[in-house]
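Single-letter residue listing:
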Amino acid sequence: DSSHKALVEDVKRACPHPWFCVVAVPVLFKQALENTDMEEGKSVSLRCELSKADATVVWKKGEATLQASAKYEMKQKGTVAELVIHNAEPEDA
């Protein structure tokens, strides 16, 4: 529906870089993702805070939906969703 599309567009505007999280239920971002410096080979964390606890969050890079793996770790506690990228590489920027 149009409200869901508007929410996704709001998320993309709030997070202009290719990493963003899309919330599967209509909630608002209390704190959007921010650009984060990374060091190659290290882990980097991306966090966003939502207006509703335990909302389902889908992490994407561009059009690709990320899955939990040795590379990507997804965490969520209450209203805070976090993506940890292990062994970060320039392609992850």
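Residues numbered from 1 in each chain as written. Predicted model: local features only at pLDDT ≥ 70, side-chain atom pairs only at ≥ 80, totals over all residues. Heavy atoms only, no water.

(A) Focus on unusual backbone geometry. Notably, Asn87 is not glycine yet its phi reads approximately 50°, a positive angle. Structurally, Asn87 is set in the segment after β7 (80-85). For Asn87, a relative accessible area of 48% gives the class partly exposed. (Helix = DSSP H or I, 4+ residues; strand = E, 2+ residues; numbered from the N terminus. Buried < 20%, exposed > 50% of the residue type's maximum accessible area, 1.4 Å probe, protein only.)

(B) Molecular detail of the side chain of Lys71. Summarising the element assignment, Lys71 is placed in the loop between β5 (64-65) and β6 (72-77). With residues up to four places along the chain from it excluded, the contact list for Lys71 reads Val84, Ile85, His86, Asn87, Ala88, Glu89 and Asp92. (Contact = heavy atoms within 4.5 Å.)

(C) Up close: the confidence of the model for the chain. Averaged over all residues, the pLDDT of the chain equals 76, while 66% of them reach at least 70. β6 holds the highest mean pLDDT among the elements of the chain, 93, whereas helix α1 (residues 2-14) holds the lowest, 48. Under a pLDDT of 50 for its full length, residues 1-9 has, in the predicted model, six contacts with residues more than four places off or in other chains. (pLDDT = per-residue confidence, 0-100.)

(D) Broad picture of the pattern of salt bridges. Under the definition given, this model contains four salt bridges. The shortest N-O distance in the salt bridge between Arg47 and Glu82 comes to 3.3 Å. Highlighted residues: Arg47 in strand β3 (residues 44-50) and Glu82 in strand β7, separated in sequence by 35 residues. With a closest N to O distance of 3.4 Å, Glu89 and Lys71 form a salt bridge. (Salt bridge = Lys/Arg side-chain N within 4 Å of Asp/Glu carboxyl O.)

(E) Structural context of the pairing of β6. As paired elements, β6 and β7 share six bridges and run antiparallel to each other. Directly across from Met74, in β7, lies its bridge partner Leu83. If you look at the hairpin formed by β6 and β7, you'll find two residues sitting between the two strands, and Gly78 has a positive phi there, around 60°. (Pairing = 2+ DSSP bridges.)

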